[in-house]
Amino acid sequence: MIEHGYIDREDPDYIEKRNNRKLTADKIRQILSKVQNNPSDSAKRWVWELMQNAKDVPNKFGRVSIQIVLSENELHFKHNGDPFSLSNIFSLIQQVSSKDSVNTDEEVTGKFGTGFISTHLLSEKIDVSGVVYHKAIHRKFTTCLDRSGRTSEEMLPKIDAALEHIRNIQNDSNFPPIVNYESIREENSFDTTFTYFLTSEEKQKAAVVGLEDLVNTLPVTLVNISKIKSVEIINSIKGIKEVYQSEVLYDDGKVKNLKVTINNSFREKTERNFIIYSNNDVSLAVEVNNFENPILKEISVESPRLFRDFPLIGSNKYYHPYMLNGFKFNPTEDRDGIMIHALENFEAEDNRKIIESAFEATKEFTDWLIQNNVSNKYICAFSRLPDEKWTDFSKSWYLNLQTDYRGFLLNQPMIETDEGDIVLKEAFVPIYGSSKESRISFYKIVKPFLGSGKVPKENIVLNWIDYTGPKDEIESWNHNIRYDIERFLGELENLENIKNLREK
């Protein structure tokens, strides 16, 4: 193909090689444009792409530790996972996932695939340094992932240069050998480093947004990921250091109690407590105040509700009573949800089976929570349709799941009244008007009429209204669960006189 400096551009090997490089450059350019066009979600996503790649790297210490260091002009993402293979480095440069196409390894979430490109939101150029193990020798290496340029043609020579650099991996000058590496490495040696150069205000903002969002999402993620031991964040701009760690306090094979501790250099450490329920396909998590007298906590409207180990950013409107982690979910390419609508797509079919399994697990978990006397049981009733682009087929499929779950709930002692808990179908959820004031006023009027043992406590009645709605989905309860003013006036009329009202 190349002889004495001459390139035969009609040679089949040359054409194939150039086309492969062009495909790589085109893919990177296309995804980069998509990432840059959606900066708000991408700013929250980049850190998860790096964390999931770190989580997938085993090490001799059993669990991986991560360190993120932010300065004014740079961000360093480090971890103490095992050395790279040469295949890993080539996958990074060419942006090809090194996991198999059907992801048969359930221990692997992602491995330098297209998701990693979203981290270029922070920097067109990324310096990657670490240790590579090749032909029984450990070596230090550094490579640059340069994605700058307006076109694929501008990117091609940079990809070629990076590949040519790594091909010389056995050059001791460029890739110094490390003698006895495995015996000298320590758990606090963060040998793998991804360095991002924050060359603009937008890039700096994206780095800050990604790290600030962790306080909401990282504790829940550590609930799902036992392989991550700790995440340390050093924000040199604000002079803040935070360390997140998780600890299992109880595990009976089905239910786990897990505590996430957050140590912050500016304030006292905080602890967040989670109860997790698992079957073979999914795990469900709910946050509680403590494990002695657990009060269920609501999920923030901004928080992702779906996880494939890590949060699927953008899934905050995939409504479910609990945070849902599908071990084998097939996420969308943007990792903002899961594929469920295609009738004959095998990935969508697999996802639907997982969701069906999740609903069975949800019934079991809800029953367990009720049996263990949790408070705020209205959270278990949150079962509205997710905000999706439904097809007739997928909507009918999900409505069947919703109806079945709501039928299950009707027979559970879920309503906390002033006189104790009662079965949902024997209770009334008073509702009138749209404002908090009008609803509470109506509640106070009908409570003595219906009986204090038939309506939710006043401090949770507004939650019950929200969690049994919206109005256009009430029919799937197959029960007159709400008590409105028309019903009230009708029953008043049937009493006919003041004497009967007094007796009522």
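Shown above is the structure to which this text applies.
What you are looking at is a predicted structure, and each value in this text was computed from that prediction instead of being measured.

Calculation rules
Residues numbered from 1 in each chain as written. Predicted model: local features only at pLDDT ≥ 70, side-chain atom pairs only at ≥ 80, totals over all residues. Heavy atoms only, no water. Helix = DSSP H or I, 4+ residues; strand = E, 2+ residues; numbered from the N terminus. Buried < 20%, exposed > 50% of the residue type's maximum accessible area, 1.4 Å probe, protein only. Contact = heavy atoms within 4.5 Å. Areas by Shrake-Rupley, 256 points an atom, 1.4 Å probe, with all protein chains shown as cover. Axes fitted to C-alpha atoms, helices over the stretch in contact; angles between N-to-C directions. Parallel < 35°, antiparallel > 145°, perpendicular 65-115°, else oblique. Left-handed = near helix turned anticlockwise from the far one by under 90°. Nonpolar A, V, L, I, M, F, W, Y, C, P; charged D, E, K, R; others polar. Phe/Tyr/Trp six-rings, centres within 6.5 Å; stacked < 30°, edge-to-face > 60°. Salt bridge = Lys/Arg side-chain N within 4 Å of Asp/Glu carboxyl O. Core = buried A, V, L, I, M, F, W, Y, C linked by side-chain atoms within 4.5 Å. Polar contact = N/O pair within 3.5 Å; in protein donor to acceptor, adjacent residues only side chain to side chain. Pairing = 2+ DSSP bridges.

Student: Please provide a residue-by-residue account of the overall build of the protein, values included.
Tutor: For the protein, the helix and strand inventory stands at 13 helices and 19 strands. Judged by the C-alpha coordinates and their principal axes, the protein covers about 110 × 50 × 45 Å. Counting over 504 residues, the protein shows a buried share of 50%. Sequence-distant contacts, at least 24 apart, represent 63% of the contacts inside the protein between residues at least 6 apart. If you sum the accessible surface of the protein, you get close to 24200 Å²; carbon and sulfur atoms cover 47% of it.

Student: Requested: an account of unusual backbone geometry, with residues and values cited.
Tutor: Proline 470 follows glycine 469 through a cis peptide bond whose omega is 0°. With respect to the helices and strands, proline 470 occurs in the loop between helix H11 (461-468) and strand S19 (482-483). In this structure, alanine 136 takes a positive phi of about 70° despite not being glycine. Counting through the fold element by element, alanine 136 comes out in the loop between strand S5 (125-134) and strand S6 (137-146). Under the relative-accessibility criterion, alanine 136 is labelled exposed at 60%.

Student: Quick one: what's the story with the packing of helix H8 (residues 346-371) against helix H9 (residues 392-410), residue by residue and with numbers?
Tutor: Two numbers describe a pair of packed helices, the interaxial angle and the distance between the axes. Taken N-terminus to C-terminus, the directions of H8 and H9 make an angle of 10°; their axes are 10 Å apart at the nearest point. By the angle between their axes, H8 is roughly parallel relative to H9. The handedness of the crossing between H8 and H9 comes out as right-handed. Contact residues: H8 offers Arg352, Ile355, Glu356, Phe359, Glu360, Thr362, Lys363, Thr366 and Asp367, while H9 offers Phe393, Trp397, Tyr398, Leu401, Asp404, Tyr405, Phe408 and Leu409. When its residues are assigned to classes, the contact of H8 with H9 shows nine nonpolar, two polar and six charged.

Student: Could you give an account of the packing of aromatic side chains, naming the residues involved and the relevant values?
Tutor: For the structure on display, the rule yields 19 aromatic pairs. Plain terms: the ring middles of tryptophan 48 and phenylalanine 310 are 6.2 Å apart, the flat faces sit at 50° to each other, and that makes the pair tilted. Here tryptophan 48 is found in helix H2 (residues 39-55), whereas its partner phenylalanine 310 is found in strand S14 (residues 310-311), with 262 residues between them in sequence. Accessibility classification places tryptophan 48 together with phenylalanine 310 in one group, the buried group. With centroids separated by 5.8 Å and ring planes inclined at 45°, the aromatic side chains of tyrosine 432 and phenylalanine 442 adopt a geometry described as tilted. Of this pair, tyrosine 432 sits in the loop between strand S18 (429-430) and helix H10 (436-450) while phenylalanine 442 sits in helix H10, placing them ten residues apart in sequence. The class for tyrosine 432 is partly exposed, based on a relative accessible area of 40%. Given the relative accessible area of 4%, phenylalanine 442 is considered buried. Taken together through their ring pairs, the aromatic side chains of Tyr318, Phe359, Trp390, Trp397, Tyr398, Tyr405 and Phe408 make up a single cluster.

Student: Hey, could you go over the pattern of salt bridges for me, with residue numbers and the actual values?
Tutor: For the structure shown, the criterion picks out 25 salt bridges. Close ionic contact of glutamate 232 with lysine 241 constitutes a salt bridge, the shortest N to O distance being 3.1 Å. Taking the relative accessible area as the measure of exposure, glutamate 232 reaches 13% and is therefore buried. Under the relative-accessibility criterion, lysine 241 is labelled partly exposed at 40%. Of the charged contacts in the structure, one is a salt bridge between glutamate 247 and lysine 259, with a shortest N-O distance of 3.9 Å.

Student: Account for the nonpolar core, with residues named and values stated.
Tutor: Of all hydrophobic cores here, the largest spans 67 residues; its most connected members are Met51, Leu75, Phe77 and Phe194. Broken down by element, this core gets its largest block of residues, seven residues, from H2. When sequence neighbours within four positions are dropped, the list of residues in contact with phenylalanine 77 reads Leu50, Met51, Ala54, Ile66, Gln67, Ile68, Thr192, Thr193 and Phe194. Ranked by size, the runner-up nonpolar core spans 53 residues in total, among them Val282, Ile338, Tyr378 and Leu409.

Student: Any details on the side chain of threonine 119? Residues and values, ideally.
Tutor: By the secondary structure assignment, threonine 119 is in the loop between helix H3 (86-94) and S5. One polar contact links the side chain of threonine 119 to the main-chain carbonyl oxygen of phenylalanine 116, over a distance of 2.8 Å. Leave out the neighbours within four places in its chain, and threonine 119 touches Trp46, Glu49, Leu50, Ile126 and Tyr196.

Student: Break down helix H7 (residues 214-224) for me, with residues and values.
Tutor: Of all eleven residues making up H7, nine are buried, and the element is well covered by its neighbours. Within H7, the full set of buried residues consists of Leu214, Thr217, Leu218, Pro219, Val220, Thr221, Leu222, Val223 and Asn224.

Student: Please give an account of the pairing of strand S15 (residues 323-326) that cites residues and values.
Tutor: In S15, alternate side chains face the same way, and those of Met323 and Asn325 on one face and Leu324 and Gly326 on the other are all buried. Pairing analysis gives four bridges linking strand S12 (residues 282-288) to S15, with the strands arranged antiparallel. When the sheet's bridge partners are listed, leucine 284 is paired in S15 with leucine 324. The sheet contact formed by strand S13 (residues 306-308) and S15 spans two bridges and is parallel. By the bridge assignment, phenylalanine 307 is partnered in S15 with asparagine 325.

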